[in-house]
Amino acid sequence: MNNGLVLLVDDDPVVLRLQAAAVRQFGFETLIAETAEEALMVTRKHRPSLVISDVQMPGEGGFDFVEGLERQGLKTMPVIYLTGYDDIEIIRGGLRAGGDDFVIKGGSVKRLRKRIAFWMASGFVELPSDLRRRALVAANMIKGDTFRDVENHLSFNQVLLETVVSGVKQELLPLPEDFGSRLVERICIMGRISKLIIDASEGFGDYVRFPDHFISVANGVKPLWSRDFWPLLKRFEDWSCDTRFVLAGVEPLKAVNEYDWFLDGAS
């Protein structure tokens, strides 16, 4: 879905106005719902490209809303959770429900604008399910109820980016200049970049930020690839189940006809 519609779900009119201003800065249209029940009806009717939902609302909250989307087969877009609580439990609950991103209320509106711009332009339609599972496992490992500064843990990992970009560039050196021009080569590249990012990830924030890291790595290695990957990222879940994607991820990049799976006829 890429209709430029953004659904805002919040029971606070002031917050809704701030969100609407952030969305309209990019020229997107907004839809508004003040309850989880209303948000489900609006989603069913209009199928927005992005949802920004409050977590804490009277009656059913943001988690209930997104779980409802999942149950009814309506979760075809990324969901950004807005929360007033800087609490690891929000991350756990949001990931379990099916949320894709988190922004703490009261911070800079600039951060929300950045997240809107990313999800509307990246190509990813959600946080990949394997990364969601890894993020939840990592979040569940955090002990106690004193964990704070969630947003800092969700910050972009520059060290991870530099490590993976350097590794991919080294693997590409012996390959032809036009490597990546064929679809099967792009699938191999996607698989390899994904595996390297996962291997370099440490906390739940790195897993949640996988889409950001993937696109930054692609741009850092060869900017033209970002345009080539964009339509593929909309079906990332499908590609990640592809045998070529999985097997190419576990070893350095090479010419396609040198992979064992190619020789075994899986091309």
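So, a few notes on the structure that sits alongside this text. The model shown is predicted, which means the values in this text are computed figures rather than measured ones. (Residues numbered from 1 in each chain as written. Predicted model: local features only at pLDDT ≥ 70, side-chain atom pairs only at ≥ 80, totals over all residues. Heavy atoms only, no water.)

**Overview of the overall build of the protein chain**
Here's step 1: For the protein chain, the count of helices and strands is 15 helices and 5 strands.
Here's step 2: Here the C-alpha atoms of the protein chain give a radius of gyration of 19 Å, agreeing with the 18 Å that 2.2 N^0.38 yields for 267 residues.
Here's step 3: Structurally, the protein chain occupies a C-alpha span of about 60 × 40 × 30 Å along its principal axes.
Here's step 4: In the protein chain, buried positions account for 51% of the 267 residues.
Here's step 5: For the protein chain, contacts bridging at least 24 residues in sequence account for 72% of all contacts bridging at least 6.
Here's step 6: For the protein chain, the exposed area adds up to about 12300 Å²; of that, 53% sits on carbon and sulfur atoms.
Here's step 7: Between the centroid of the 32 positive side chains of the protein chain and the centroid of its 39 negative side chains there is a distance of 3 Å. (Helix = DSSP H or I, 4+ residues; strand = E, 2+ residues; numbered from the N terminus. Rg over C-alpha atoms; globule rule 2.2 N^0.38 Å. Buried < 20%, exposed > 50% of the residue type's maximum accessible area, 1.4 Å probe, protein only. Contact = heavy atoms within 4.5 Å. Areas by Shrake-Rupley, 256 points an atom, 1.4 Å probe, with all protein chains shown as cover. Lys, Arg positive; Asp, Glu negative; His and termini not counted. Charge placed at Lys NZ, Arg CZ, Asp CG, Glu CD.)

**Here's the deal with helix α5 (residues 109-121)**
Here's step 1: Between its first and last C-alpha atoms α5 spans 19 Å; for 13 residues at 1.5 Å apiece the expected length is 18 Å, and the two agree.
Here's step 2: For α5, the full list of buried residues reads Leu112, Arg115, Ile116, Phe118, Trp119 and Met120.
Here's step 3: Buried-residue contacts for α5 involve β1 (5-9), α1 (13-24), β3 (50-54), β4 (79-83), β5 (101-104) and α11 (210-221).
Here's step 4: Phi turns positive one or two residues past the end of α5, at Gly123, with a value near 105°. (Expected span 1.5 Å × (residues − 1).)

**Here's the deal with the pattern of salt bridges**
Here's step 1: All chains considered together, the criterion is met by 20 salt bridges.
Here's step 2: When the shortest N-O distance is used, the salt bridge between Asp100 and Lys75 registers 2.9 Å. In this pair, Asp100 sits in the loop between α4 (88-97) and β5 while Lys75 sits in the loop between α3 (62-71) and β4, placing the two residues 25 residues apart along the sequence. The pair formed by Asp100 and Lys75 is uniform in burial state, with each residue classed as buried.
Here's step 3: Of the charged contacts in the structure, one is a salt bridge between Arg132 and Glu126, with a shortest N-O distance of 3.9 Å.
Here's step 4: Because the salt bridges share partners, they merge into one network encompassing Lys75, Asp100, Glu126 and Arg132. (Salt bridge = Lys/Arg side-chain N within 4 Å of Asp/Glu carboxyl O.)

**Details of the sheet that holds β1**
Across a sheet, paired strands are connected by hydrogen bonds in the backbone, their directions being either parallel or antiparallel.
Here's step 1: Reading across the sheet, the 5 strands line up as β2-β1-β3-β4-β5 and stay open at both edges, with parallel pairing between neighbours. With one partner strand each, in any of the chains shown, β2 (29-33) and β5 form the two edges of the open sheet. In this sheet, neighbouring strand axes are inclined to one another by 20° on average, regardless of whether the strands run parallel or antiparallel.
Here's step 2: In this structure, β4 lies alongside β5, joined through 4 bridges in parallel fashion. Note on β5: the bridge partner recorded for Ile80 is Asp101. (Pairing = 2+ DSSP bridges. Axes fitted to C-alpha atoms, helices over the stretch in contact; angles between N-to-C directions.)

**As for the packing of helix α8 (residues 158-172) against helix α9 (residues 183-200)**
Here's step 1: Across the interface, α8 lies against α9 with an axial gap of 10 Å and an inter-helix angle of 140°. Taken together, the axes of α8 and α9 lie oblique to each other. Both α8 and α9 take part in a crossing whose hand is right-handed. Counted together, Leu160, Val164, Val168 and Glu171 of α8 and Arg192, Ile193, Leu196, Ile197 and Ala200 of α9 form the full contact between these two elements.
Here's step 2: Here the contact of α8 with α9 is built from residues that sort into 7 nonpolar, no polar and 2 charged. (Parallel < 35°, antiparallel > 145°, perpendicular 65-115°, else oblique. Left-handed = near helix turned anticlockwise from the far one by under 90°. Nonpolar A, V, L, I, M, F, W, Y, C, P; charged D, E, K, R; others polar.)

**Focus: the environment of Ala97**
Here's step 1: Mapped onto the secondary structure, Ala97 falls in helix α4.
Here's step 2: Separated by 53 residues in sequence, Ala97 and Val150 place their C-alpha atoms 18 Å apart.
Here's step 3: Apart from residues lying up to four places away in sequence, Ala97 is in contact with Phe63, Val66, Glu67, Glu70 and Tyr81.

**Observations concerning the pairing of β4**
Here's step 1: With 5 of its 5 residues buried, β4 lies for the most part within the structure.
Here's step 2: Here β4 shows two buried faces, one formed by Val79, Tyr81 and Thr83 and the other by Ile80 and Leu82.
Here's step 3: When β3 meets β4, the two strands line up parallel, connected through 4 bridges. Each bridged residue has a counterpart across the sheet, and for Ile52 the counterpart in β4 is Ile80.
Here's step 4: For the crossover from β3 across α3 to β4, the handedness is right-handed. (Right-handed = clockwise from strand over helix to strand, strands pointing away.)

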